[in-house]
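What follows is the residue order along each chain.
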There are 2 protein chains.
Amino acid sequence: MRSEQNVTAVKRRIAAAHGDVAGDVLLKNAKVVNVFNGLVEDKDILLCGDCIAGLGQYDTAETIVDLAGAFVIPGLIDSHVHIESSFLIPEEFGRAVLSRGTTAVIADPHEIANVMGTEGLDFMVENSRRTALDIFFMVPSSVPSTSMETSGAVLNSNAIAEILRKHPRCLGLGEVMNAPGVIFGDDEVLNKLSVADGKLLDGHYPLGSGRDLMAYCAAGIASDHESVSREEAAEKLALGIMIQIREGTSAKNLETLLPLVNDDNWPNFCFCADDIHAGDILDGGDVLGAVAKAVALGMDPVRAVQLATLNPARHYRLAYRGAVAPGYLADFVVVDNLETFPLRMVYKNGRMITGKETASPVRLGQITLPQTVPPFPQIQTGQTARVIKVFPTEIITEERLYTAEAFMEHRDLQKMMVMERHGVNGNVSYALAEGFGLQKGCIAQTVAHDSHNLIAIAADEKEFSFAAKVLEEIGGGIAVTCGGKVLAKLELPVAGLMTWESAAVVAEKEAALNRAARHLGVTLPRPFMTLSFLALPVIPKLKLTDMGLFDVEQFDFVPLFF
Amino acid sequence: MRSEQNVTAVKRRIAAAHGDVAGDVLLKNAKVVNVFNGLVEDKDILLCGDCIAGLGQYDTAETIVDLAGAFVIPGLIDSHVHIESSFLIPEEFGRAVLSRGTTAVIADPHEIANVMGTEGLDFMVENSRRTALDIFFMVPSSVPSTSMETSGAVLNSNAIAEILRKHPRCLGLGEVMNAPGVIFGDDEVLNKLSVADGKLLDGHYPLGSGRDLMAYCAAGIASDHESVSREEAAEKLALGIMIQIREGTSAKNLETLLPLVNDDNWPNFCFCADDIHAGDILDGGDVLGAVAKAVALGMDPVRAVQLATLNPARHYRLAYRGAVAPGYLADFVVVDNLETFPLRMVYKNGRMITGKETASPVRLGQITLPQTVPPFPQIQTGQTARVIKVFPTEIITEERLYTAEAFMEHRDLQKMMVMERHGVNGNVSYALAEGFGLQKGCIAQTVAHDSHNLIAIAADEKEFSFAAKVLEEIGGGIAVTCGGKVLAKLELPVAGLMTWESAAVVAEKEAALNRAARHLGVTLPRPFMTLSFLALPVIPKLKLTDMGLFDVEQFDFVPLFF
């Protein structure tokens with residue numbers, strides 16, 4: 001990360017700062033955003049090794065670049081992101097976000113941990129060494145997320161303690177999603193907090209409020225990225241929670257939360273993507289887009305940069321990061337202005353990012369599907385069908401009830417399947433969905449929060465077996481099939497969650513998947529993301545896990561037909 | 001420090017926050033200064049164990065205290081202090097500052113390290129466990145301070161590495177005073193920085209500026225308490241230096257530096273005492289006084305509190321300190337208003353400070369003086385005498401030159417002696433001082449920065465031997481003697497620097513010393529402090545170490561008569 005801290009390198013940096021020896025790179029005529037004093041200063045920036053040596057008036061270096069008055073801001077920091085959600089492995093994710101100005105991220109490898117446990121985390125940490133991006137990790141606290149589904153792994157407090165010991169890049173405990181477990185003092189949840197004592201504890205508490213939130217904070221949890229209203233964020237802020245303003249692919253909270261930031265509280269805000277698609281990284285950037293949007297919404301540009309750099313660096317105790325200053329890592333972004341932040345260059349560890357790295361093919365884990373699959377249940381006259389109603393831009397669902405007659409005549413009903421894919425118990429469960437628009441063929445994927453079993457919808461249940469076989473063959477991923485043909489697919493051979501291909505390729509394949517889905521009649525704007533949340537039994541109302549149809553409000557499994 | 005982090009204690013705290021069980025102490029009707037959002041909020045504060053459980057509306061607890069609208073601010077943090085300068089051992093220093101609202105300090109045990117090395121540090125760390133005050137340490141980087149004097153110990157980079165490994169309370173490297181050593185890449189100085197890599201590096205760079213300051217910062221040094229002008233502090237701030245505004249017994253920089261603090265840069269400022277006498281702690285407080293003064297000078301009271309609490313907690317990565325919030329240590333101060341901050345109560349670790357602790361007598365080290373003492377040199381006709389001119393409120397000196405005739409007639413000249421007291425080499429050296437006013441008797445002390453040899457002034461050199469014998473007998477300290485009688489003394493049997501007595505007793509004895517000094521004709525307001533800096537060969541112009549008379553500007557020893 002900050003590699004060159006040996007005495008020889010430090011001595012050379014000091015001498016370069018002092019003007020006694022030439023530095024490596026000199027960027028002349030920069031307008032540097034100073035996050036310490038809030039000013040924009042005309043400076044030259046002298047680099048030596050992987051760090052900044054000096055700011056001011058310098059003349060000699062191996063390489064001299066004239067920035068001609070362009071603005072320089074510190075490398076951006078994404079304070080909370082699930083790399084897996086981009087479908088990219090860490091080294092390709094690194095390449096993508098570095099190209100958009102992000103030089104450090106706090107990653108929560110919660111998805112791969114649910115599939116592959118410690119082995120998955122080891123892969124993420126090891127693979128993160130192959131990118132210049134500084135990837136720090138929080139150890140997932142909630143694996144499995146619930147007991148209502150079959151995950152590929154369990155991370156108990158002992159395993160978490162061991163990972164924290166083993167990997168210095170792990171800064172603490174990842175988002176604690178089991179708020180009731182905290183509030184009612186579940187021993188294993190508290191053991192997880194305890195083994196991370198002295199390190200950072202990340203939170204995740206949507207709609208947390210009142211005594212419940214107070215109890216959650218009393219446990220020492222110090223950050224949260226789930227605020228969707230100003231009141232919610234204000235209540236959390238008052239209790240010392242670092243507010244991570246989320247601007248991801250789906251969840252966008254910046255416009256709502258921005259007016260809360262003022263002169264007295266701004267150190268307690270930062271940005272995060274949480275979940276972001278490869279295409280969105282390339283289009284806007286995981287943090288750069290948020291900074292530009294904050295400025296468009298009226299925030300002072302220097303303050304927007306402070307939120308994106310110094311604040312998360314201090315919260316996560318990332319030494320010598322988050323500022324353009326002597327002794328700091330030479331991580332910064334050159335932009336043409338501070339209104340729309342048009343990106344010109346990115347430096348990481350003193351080197352300009354060229355985008356020339358290439359990831360090596362990786363295959364990790366395999367998809368192990370059941371040998372035998374039960375028949376799809378048939379509705380009987382006089383029975384009522386329970387259907388999952390989905391909506392275009394929400395991850396909550398509703399329950400719809402139909403008589404057998406209404407059911408037979410319904411034009412927008414899809415058969416739905418979840419198939420355990422970790423080789424644990426061969427569970428297969430079925431349900432019905434409404435609202436996708438799909439009229440023929442099948443959509444199947446191994447990305448299904450949080451246990452990431454195989455989930456599929458089809459117009460006809462006969463389509464399921466072919467689609468599942470396709471996914472098994474490619475090692476997991478997303479497939480759109482019809483009548484025994486593959487219309488589009490995205491191979492995700494890394495735990496069935498990620499590919500080693502580039503963000504650009506992934507973005508193209510995602511576009512092809514969307515076109516194929518529309519060809520099948522799909523009307524939802526983001527059908528694959530909507531589908532990926534239909535197995536998550538913690539968000540109302542009806543969800544399907546490999547164990548069956550789950551009513552989140554009753555907190556129990558319910559029959560499909562009754 | 002934050003002791004009760006076992007699962008049982010956390011579970012109880014969470015349950016108390018949630019209202020499921022009674023807490024230990026409930027402070028009703030507080031006006032709580034919230035350092036996160038900058039507001040003053042009407043809240044009850046519920047304590048459980050050593051932490052705050054909840055804020056809001058609570059009704060039950062073992063003990064209920066009605067604050068009736070008094071203000072509650074977080075426990076104050078002194079970001080840089082030399083405990084030895086108070087003459088108090090850590091447990092008594094703790095009692096004194098706790099009684100004035102300080103609940104955590106970052107201590108640099110630079111004085112005792114110069115006398116006793118690692119053994120002295122071990123004592124400070126061990127003794128600090130006997131006070132509720134959270135004492136964190138920075139390992140002294142500059143022992144000895146210079147090669148122009150004889151110290152009792154040397155701390156090299158290996159010793160520093162070992163101390164950092166051994167004591168988790170040591171957060172990093174103490175103020176790096178050898179700025180030229182950094183700037184010109186002295187290997188041993190860089191080794192010291194290197195062994196502390198990943199921890200905090202404190203700075204001390206008076207008048208640091210330009211390329212020199214840039215080189216100093218390029219080494220990674222991150223704080224400084226030596227700014228005496230606004231321009232100096234602004235230059236350091238721009239480079240990412242945490243500005244520690246000093247308000248000690250002598251150095252007072254708040255009034256000058258305060259106008260620099262604004263809405264964009266305030267997280268980069270905190271307070272420190274650096275050196276403070278026991279009496280000043282009891283009169284004003286090491287940080288509370290600074291907060292009240294900042295408000296009197298026009299700073300918003302909540303911001304003044306932020307500088308004194310949240311800012312140093314974040315800089316020094318002190319988890320769960322610096323705020324009144326759930327999960328945080330129950331360290332706070334009850335004051336009657338936010339203008340003058342009249343102190344009503346202090347809580348530390350959930351318990352009200354009562355001042356009933358008593359320190360146990362401690363003796364550490366001994367004073368080892370030379371067996372034989374050379375005669376005081378006599379001026380010859382035609383020679384010139386070189387005299388150290390002292391000033392009432394400054395620690396710089398000037399050089400005065402007198403002919404033998406003028407010398408004989410001078411009414412305010414004192415003989416001066418420095419005697420090596422660590423048993424190393426028995427050095428004794430002499431000089432002449434002007435400006436103390438002393439007309440008879442002798443002042444002698446074992447407090448003399450930074451090597452803390454025995455230093456004395458007398459009207460007649462015959463007084464020296466008695467005064468030195470007194471100090472040897474009491475194990476070091478300060479004595480005012482005259483004609484073989486002790487007029488006043490302060491025993492400092494702990495390394496010749498500190499006493500185990502209370503701040504009140506020390507303040508009384510200091511007053512008696514001052515009265516005795518005035519009885520001898522002394523006109524200087526703080527003669528003992530002035531004397532304590534006369535052996536420090538890094539501040540202009542003339543100083544006397546055990547090795548001889550040193551001209552700081554020539555950077556060489558010079559003769560007394562020539």
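Residues numbered from 1 in each chain as written. Chains lettered and ligands numbered in written order. Predicted model: local features only at pLDDT ≥ 70, side-chain atom pairs only at ≥ 80, totals over all residues. Heavy atoms only, no water.

**Here we look at the overall build of chain A**
Logical step 1: Helix and strand content of chain A: 17 helices and 27 strands.
Logical step 2: For chain A, whose C-alpha radius of gyration is 25 Å, the value lies close to the compact-globule estimate of 24 Å for 562 residues.
Logical step 3: C-alpha extents for chain A along the principal axes are approximately 90 × 50 × 45 Å.
Logical step 4: For chain A, the residues scored as buried account for 66% of the 562 residues in total.
Logical step 5: Here chain A displays about 18800 Å² of accessible surface, and carbon together with sulfur accounts for 51% of that area.
Logical step 6: Put simply, chain A has 48 plus and 70 minus side-chain charges, and the middle of one group is 4 Å from the middle of the other. (Helix = DSSP H or I, 4+ residues; strand = E, 2+ residues; numbered from the N terminus. Rg over C-alpha atoms; globule rule 2.2 N^0.38 Å. Buried < 20%, exposed > 50% of the residue type's maximum accessible area, 1.4 Å probe, protein only. Areas by Shrake-Rupley, 256 points an atom, 1.4 Å probe, with all protein chains shown as cover. Lys, Arg positive; Asp, Glu negative; His and termini not counted. Charge placed at Lys NZ, Arg CZ, Asp CG, Glu CD.)

**Thoughts on the relation of the copies chain B and chain A**
Each copy of the chain is related to the other by a rotation around an axis and a translation along that axis.
Logical step 1: Taken as rigid bodies, chain B and chain A are interconverted by a rotation of 180 degrees and an axial shift of 0.0 Å, the fit giving an RMSD of 0.1 Å. Here the two chains are linked by the operation of a two-fold rotation axis. For chain B, the smallest separation between a C-alpha atom and the rotation axis is recorded for Asp263(B), amounting to 2.7 Å.
Logical step 2: Here 100% of the contact residues of chain B are again contact residues in chain A; the copies associate through an equivalent surface. (Least-squares fit on C-alpha atoms with pLDDT ≥ 70 in both. Contact = heavy atoms within 4.5 Å.)

**Structural notes on the pairing of strand 13 (residues 269-272) of chain B**
Residue and element names in this part refer to chain B.
Logical step 1: Because side chains alternate across strand 13, one face comprises the buried residues Phe269 and Phe271, and the other comprises Cys270 and Cys272, equally buried.
Logical step 2: Here strand 12 (residues 242-246) runs beside strand 13; their pairing, made up of 4 bridges, is parallel. By the bridge assignment for strand 13, Ile243 is matched with Phe269. (Pairing = 2+ DSSP bridges.)

**Here's the deal with the environment of Leu26(A)**
Residue and element names in this part refer to chain A.
Logical step 1: One can find Leu26 in strand 1 (residues 23-33).
Logical step 2: Sequence spacing of Leu26 and Leu67 is 41 residues, and the spatial spacing of their C-alpha atoms is 9.8 Å.
Logical step 3: In this view, Leu26 contacts Asp44, Ile45, Leu46, Tyr58, Asp59, Thr60, Ala61, Thr63, Ile64 and Val65; residues no more than four positions away in its chain are not counted.

**A look at the interface of chain B and chain A**
Logical step 1: Each partner contributes residues to the interface: chain B has 57 residues there, and chain A has 57 residues.
Logical step 2: Of the roughly 5000 Å² buried at the junction of chain B and chain A (both faces included), carbon and sulfur atoms supply 54%.
Logical step 3: Together, Ile14(B), His18(B) and Arg211(B) form the three largest contributors to the area buried by chain B at its contact with chain A, with a combined 13%.
Logical step 4: Taken together, the links from chain B to chain A amount to 4 salt bridges.
Logical step 5: Counting the contacts that link chain B with chain A gives 26 residue pairs in polar contact (both at pLDDT 80 or more).
Logical step 6: Where the side of chain B that touches chain A is concerned, the elements lending two or more residues are helix 1 (7-18), strand 3 (51-56), helix 5 (179-183), helix 6 (187-195), helix 7 (210-218), helix 8 (230-238) and helix 12 (301-308) of chain B.
Logical step 7: Its residues placed into classes, the side of chain B that touches chain A shows 27 nonpolar, 17 polar and 13 charged. (Buried area = accessible area lost by both parts, 1.4 Å probe. Salt bridge = Lys/Arg side-chain N within 4 Å of Asp/Glu carboxyl O. Polar contact = N/O pair within 3.5 Å; in protein donor to acceptor, adjacent residues only side chain to side chain. Nonpolar A, V, L, I, M, F, W, Y, C, P; charged D, E, K, R; others polar.)

**What to know about the pairing of strand 17 (residues 384-389) of chain B**
All names here are of chain B.
Logical step 1: By the criterion of burial, strand 17 is predominantly enclosed, with 5 of the 6 residues buried.
Logical step 2: Inspection of the sheet shows strand 17 paired to strand 20 (residues 428-434) by 2 bridges, in the parallel sense. Counted as the bridge partner of Lys389 is Glu434 from strand 20.

**Thoughts on the sheet that holds strand 19 (residues 413-419) of chain A**
Residue and element names in this part refer to chain A.
Logical step 1: Across the sheet, which stays open at both edges, the 8 strands sit in the order 18-17-20-19-22-21-23-24 with mixed pairing between neighbours. Because the sheet does not close on itself, it has two edges, and the strands there are strand 18 (398-403) and strand 24 (485-491). Between one strand and the next, the sheet's axes are offset by a mean angle of 25 degrees, whatever the strand orientation.
Logical step 2: Most of the contacts of helix 15 (residues 463-474) go to strand 23 (residues 477-482), to which it runs at about 145 degrees, and overall it touches strand 19, strand 20 (428-434), strand 21 (442-445), strand 22 (454-458), strand 23 and strand 24.
Logical step 3: Contacting strand 21, strand 23 and strand 24, helix 16 (residues 503-519) runs over the sheet at an angle of about 150 degrees to strand 24. (Axes fitted to C-alpha atoms, helices over the stretch in contact; angles between N-to-C directions.)

**Considering the packing of aromatic side chains**
Logical step 1: Per the counting criterion, the structure on display carries 19 aromatic pairs over all chains.
Logical step 2: Centroid distance Phe407(A) to Phe561(A): 5.9 Å. Interplanar angle 80 degrees. Geometry classified as edge-to-face. Linking Phe407(A) in helix 14 (residues 404-409) with Phe561(A) in the segment after strand 27 (556-557), this pair joins segments that are 154 residues apart in sequence. The residues Phe407(A) and Phe561(A) share a single accessibility class, namely buried.
Logical step 3: Seen in terms of ring centroids, Tyr205(B) and Tyr216(B) are 4.7 Å apart; in terms of plane orientation they differ by 50 degrees. Their pairing is tilted. In this pair, Tyr205(B) sits in the loop between strand 10 (200-203) and helix 7 while Tyr216(B) sits in helix 7, placing the two residues 11 residues apart along the sequence.
Logical step 4: Under the relative-accessibility criterion, Tyr216(B) is labelled buried at 1%. (Phe/Tyr/Trp six-rings, centres within 6.5 Å; stacked < 30°, edge-to-face > 60°.)

**A word on the confidence of the model for chain A**
Logical step 1: When the pLDDT values of chain A are averaged, the result is 95; 98% of them are 70 or greater.
Logical step 2: On the interface metric, ipTM, the complex scores 0.92, and its pTM is 0.93. (pLDDT = per-residue confidence, 0-100.)

**Side note on the side chain of His410(A)**
Logical step 1: Tracing the backbone shows His410(A) in the loop between helix 14 and strand 19.
Logical step 2: At 3.4 Å, the side chain of His410(A) forms a polar contact with the side chain of Tyr402(A).

**Observations regarding the pattern of salt bridges**
Residue and element names in this part refer to chain A.
Logical step 1: Under the counting rule described, the total for this entry stands at 63 salt bridges over all chains.
Logical step 2: Of the charged contacts in the structure, one is a salt bridge between Arg344 and Asp336, with a shortest N-O distance of 2.7 Å.
Logical step 3: Classification of Asp336 as partly exposed rests on a relative accessible area of 36%.
Logical step 4: One salt bridge connects Arg386 with Glu399, and the closest N-O pair in it is separated by 2.9 Å.

**Here we look at the environment of Gly172(A)**
All names here are of chain A.
Logical step 1: With respect to the element layout, Gly172 can be found in strand 9 (residues 170-176).
Logical step 2: The spacing of Gly172 and Ala495 is 323 residues in sequence and 23 Å in space, taken between C-alpha atoms.
Logical step 3: When sequence neighbours within four positions are dropped, the list of residues in contact with Gly172 reads Phe137, Met138, Val139, Leu164, Lys199 and Leu200.

**Some words on the sheet that holds strand 13 of chain B**
The strands that make up a sheet are held in pairs by hydrogen bonds between backbone atoms, and each pair lies either parallel or antiparallel.
Logical step 1: The parallel open sheet is built from 3 strands, whose spatial order is 11-12-13 (chain B). Each edge of the sheet is formed by a strand with only one pairing partner; in this case those strands are strand 11 (223-224) and strand 13 of chain B.

**A closer look at helix 2 (residues 90-98) of chain B**
Logical step 1: Taken across its 9 residues, helix 2 of chain B has 9 buried, putting it largely inside the fold.
Logical step 2: Looking only at helix 2 of chain B, the buried set comprises Pro90(B), Glu91(B), Glu92(B), Phe93(B), Gly94(B), Arg95(B), Ala96(B), Val97(B) and Leu98(B).

**Quick look at the packing of helix 1 (residues 7-18) of chain A against helix 6 of chain B**
Logical step 1: One can describe the packing of helix 1 of chain A onto helix 6 of chain B by two numbers: an axis separation of 10 Å at closest approach and a directional angle of 115 degrees. In terms of orientation, helix 1 of chain A lies roughly perpendicular with respect to helix 6 of chain B. Note on packing geometry: the crossing formed by helix 1 of chain A with helix 6 of chain B is right-handed. Residues Val7(A), Lys11(A) and Ile14(A) of helix 1 of chain A touch helix 6 of chain B, and the partners they reach there are Asp187(B), Leu190(B), Asn191(B) and Ser194(B).
Logical step 2: Taken together, the residues that form the contact of helix 1 of chain A with helix 6 of chain B break down as 3 nonpolar, 2 polar and 2 charged. (Parallel < 35°, antiparallel > 145°, perpendicular 65-115°, else oblique. Left-handed = near helix turned anticlockwise from the far one by under 90°.)

**Notes on the environment of Glu394(B)**
Logical step 1: Here Glu394(B) lies in the loop between strand 17 and strand 18 (398-403).
Logical step 2: With 34 residues separating them in the primary sequence, Glu394(B) and Ser360(B) have C-alpha atoms 36 Å apart.

**What about unusual backbone geometry?**
Among all residues save glycine, negative phi is the norm, and among peptide bonds the norm is trans.
Logical step 1: Cis geometry marks the peptide bond from Val143(A) to Pro144(A); its omega dihedral reads 0 degrees.
Logical step 2: Within the secondary structure, Pro144(A) sits in the loop between strand 8 (134-139) and helix 4 (157-166).
Logical step 3: Residue Lys541(B) is bonded to the preceding Pro540(B) through a cis peptide linkage, with omega at 0 degrees.
Logical step 4: The backbone of His452(A) sits at a positive phi, close to 55 degrees, despite the residue not being glycine.
Logical step 5: The topology assignment puts His452(A) in the loop between strand 21 and strand 22.
Logical step 6: Owing to a relative accessible area of 1%, His452(A) belongs among the buried residues under this scheme.

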